There are 2 protein chains.
Amino acid sequence: MKQVAIIGYGPAGITAGIYLKRNNIDSIIIGKDLGALDGYTDLVENYYGFAEPIPGKDLIANGVKQAKRLGIQVITDSVISLKEIEGGFQIGTAKHKYEAKTVLLATGKTRTTINKPGFIKYRGKGISMCATCDGYFYRRKKIAVVGCGAYMLHELEYLNRMSPDVTIFTDGNPFHEEVSNKVVTEPIISFTGTDKVTHIETEHGKYDVDGIFIALGIPSSIEFASQLGVIVEKNNLLVNENYETNVPGLFAAGDIIGGKLQIAKAVYDGMMVADSIYKYLNKK
Amino acid sequence: MKQVAIIGYGPAGITAGIYLKRNNIDSIIIGKDLGALDGYTDLVENYYGFAEPIPGKDLIANGVKQAKRLGIQVITDSVISLKEIEGGFQIGTAKHKYEAKTVLLATGKTRTTINKPGFIKYRGKGISMCATCDGYFYRRKKIAVVGCGAYMLHELEYLNRMSPDVTIFTDGNPFHEEVSNKVVTEPIISFTGTDKVTHIETEHGKYDVDGIFIALGIPSSIEFASQLGVIVEKNNLLVNENYETNVPGLFAAGDIIGGKLQIAKAVYDGMMVADSIYKYLNKK
């Protein structure tokens, strides 16, 4: 039985592995194929230490290499099940089963894309997946934010700082939050434009926009975490100040626990959760 | 008058500048000449995103380039004074005076080196300045930690995890803390060895060691911060949950506020304090 299984090899998972190793604790890190890392295809400009913007995928690949160089076992596979067993957990992938005393969920959040004509064409040309990353470029402009849940509200708060003209598009979903913004609940038909996006079209309307922010995210491993009875709050796994969920020995870090969806925060989480896991294992 | 003056262009200061810029707030960042960054000459292995270890100085230089590329004003100069003026602060360097509504202290902590024969020769060859960085290489070995204050105790806690054989050398300073470690209070005469350090010599003793950790750090800008009446606790500037000191408009982040002396933590601080400064400026 391993000491620690880390699910997810993004910034939080890899950093946790590195700091655990420095505490003399071996972990196995299991991550999805890089090709699946859809949320990380854009250029990273905010993360400290890179003179030039780095493609998100390259950063993830660097992290995996960094961990391997330090002697940490990193495996590419998809975790499909997680259950409690005597003294720990069993982690199932399509090919194997692993056992570990503790598990760290660090899968990130899938930034759900939107399947509408024009989305692929204008992504990066007026359509963005991250307000904190790109909001600045649309200050005092006409902004649309697409979504209806907690993540949309999180992005909205930031976008409202940038511009007085931010409209919410719920794409057909009901919306009952109190906001001072305009809200369009009609389903979106398409995104249209010239060399960059200029309009959102619905059945009865055509709306001028300078920038569109897609904010439909839902956590990717909420499902199997909830199978274990992990408390989920507003699409985030609920953890205490030690990054431990309500299931003893099951920790979570990074985007999946909410807060700022930024690499700097995921890395910080990874460092801090390593400490907590170390203490948990030594208490036993 | 500028909106924000950031003193220090290490990870915390640069990250704060980047996130402030994304919030549409211009800052000026003033940092010491890179040559003075003594604590950063070693290789960085723990900070996420680099497949190969990166020299600390290169990382700092990357950060400065990153900020400049994003249009942030970065200046190399030594801040020698800081005082409150109507509506903000005046920051004095040898050559200029700057005025800003808010100030972020992000100078880091000077990791004081020790002026004894053998220190330069064996630094990196058994003598280390960072337990979290290098402690792992001395697990179950004979370790010495040199220091007598809060920072030494912080390093000691970590080193005690690595080995049951950690001795404290106070280099002539009195020591009244309760620890279970052996304590040598005699002044250190020299560090000796072969191709790597093997002994600490005092007037009456010669002690076998595998690794020596220097932990004499004191914050570098405590002095002028205390001139403003900033509360200092255990060699750290005291800040509230918004990274604000007891002087309104004066913020601090990174190593200087204590906690983990790690780049990941300084970067996280920088991101978070940017939010606080943004809110402070908008409240006004």
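Calculation notes
Residues numbered from 1 in each chain as written. Chains lettered and ligands numbered in written order. Predicted model: local features only at pLDDT ≥ 70, side-chain atom pairs only at ≥ 80, totals over all residues. Helix = DSSP H or I, 4+ residues; strand = E, 2+ residues; numbered from the N terminus. Rg over C-alpha atoms; globule rule 2.2 N^0.38 Å. Buried ≥ 20, exposed ≤ 12 C-beta atoms within 10 Å, placed from the backbone. Contact = placed C-beta atoms within 7 Å. Nonpolar A, V, L, I, M, F, W, Y, C, P; charged D, E, K, R; others polar. Axes fitted to C-alpha atoms, helices over the stretch in contact; angles between N-to-C directions. Parallel < 35°, antiparallel > 145°, perpendicular 65-115°, else oblique. Left-handed = near helix turned anticlockwise from the far one by under 90°. Least-squares fit on C-alpha atoms with pLDDT ≥ 70 in both. pLDDT = per-residue confidence, 0-100. Pairing = 2+ DSSP bridges. Domains from an automatic or database assignment.

J.: Any details on the overall build of chain A? Residues and values, ideally.
T.: Helix and strand counts for chain A come out as seven helices and 21 strands. Here the C-alpha radius of gyration of chain A, 20 Å, is about what a compact globule of 284 residues would show, namely 19 Å. Reported as C-alpha extents along the three principal axes, the dimensions of chain A are approximately 60 × 40 × 35 Å. Counting all 284 residues of chain A, 44% fall into the buried class. Here the contacts in chain A between residues at least 6 apart in sequence split such that 58% fall between residues at least 24 apart.

J.: Any details on the interface of chain A and chain B? Residues and values, ideally.
T.: Residue-level contacts link 34 residues of chain A with 34 residues of chain B. Of all the elements in the fold, those that place two or more residues in the side of chain A that touches chain B are α1 (11–22), α2 (56–69), α5 (150–162) and α7 (263–283) of chain A. Of the residues that constitute the side of chain A that touches chain B, the class distribution is 16 nonpolar, 10 polar and eight charged.

J.: Before we move on, could you go through the packing of helix α1 (residues 11–22) of chain B against helix α2 (residues 56–69) of chain B and cite the residues and values that matter?
T.: Residue and element names in this part refer to chain B. The N-to-C vectors of α1 and α2 enclose an angle of 15 degrees; their axes lie 10 Å apart at closest approach. The angle between α1 and α2 falls in the class roughly parallel. With respect to the hand of their crossing, α1 and α2 are arranged in left-handed fashion. Where α1 abuts α2, its residues Pro11, Ile14, Gly17 and Ile18 lie against Gly63, Val64, Gln66 and Ala67. Per-class residue counts for the contact of α1 with α2 are five nonpolar, three polar and no charged.

J.: Summarise the relation of the copies chain A and chain B; cite the residues concerned and give the values.
T.: Mapping chain A onto chain B calls for a rotation angle of 180 degrees and an axial translation of 0.1 Å; the resulting RMSD is 0.1 Å. The superposition operator between the copies reduces to a two-fold rotation axis. Closest to the rotation axis within chain A is the C-alpha of Tyr268(A), separated from it by 3.1 Å. Residue by residue, 100% of the interface of chain A is reproduced at the interface of chain B, so both copies engage with the same surface.

J.: Residue-level account of the environment of Ile168(B), with values.
T.: All names here are of chain B. Within the fold, Ile168 resides in strand β12 (residues 166–169). Look at Ile168 and you get buried, because 22 C-beta atoms sit within 10 Å. In this view, Ile168 contacts Val145, Leu156, Phe175, Val179, Asn181, Val183 and Val184; residues no more than four positions away in its chain are not counted.

J.: Give a description of the confidence of the model for chain A that names residues and reports values.
T.: Residues of chain A with pLDDT of at least 70 account for 92%, and the chain-wide mean is 90. Scored as a whole, the predicted complex attains pTM 0.74, and scored at its interfaces, ipTM 0.73.

J.: Go over the sheet that holds strand β14 (residues 188–193) of chain A with me, naming the residues and quoting the values.
T.: Residue and element names in this part refer to chain A. Overall, antiparallel pairing links the three strands, which are arranged β14-β15-β16 in an open sheet. Both outer strands of the open sheet, β14 and β16 (206–208), are each paired with one neighbouring strand and no more. On average, each strand axis in the sheet is inclined to that of its neighbour by 25 degrees, with strand direction left out of account. Inspection of the sheet shows β14 paired to strand β15 (residues 197–202) by five bridges, in the antiparallel sense. Paired with Ser190 across the two strands is Glu201, which belongs to β15.

J.: Got a sec to walk through the domain arrangement of chain A? Specific residues and values, please.
T.: Residues and elements named next belong to chain A. Each domain of chain A was delimited in the assignment, giving domain 1 (2–110 + 218–283) and domain 2 (119–214). Using only C-alpha atoms to locate each centre, domain 1 and domain 2 end up separated by 30 Å. Looking at the side of domain 1 that touches domain 2 residue by residue, the class counts come to no nonpolar, four polar and two charged.

J.: How would you summarise unusual backbone geometry if you had to cite specific residues and measurements?
T.: Residues and elements named next belong to chain A. Backbone geometry places Asn24, a non-glycine residue, at a positive phi of 75 degrees. With respect to the secondary-structure elements, Asn24 resides in the loop between α1 and β2 (27–31). Assessed through the 14 C-beta atoms surrounding it within 10 Å, Asn24 is described here as partly exposed. One non-glycine residue, Asp171, adopts positive backbone phi at about 55 degrees. Take Asp171: it is sitting in the loop between β12 (166–169) and β13 (182–184).

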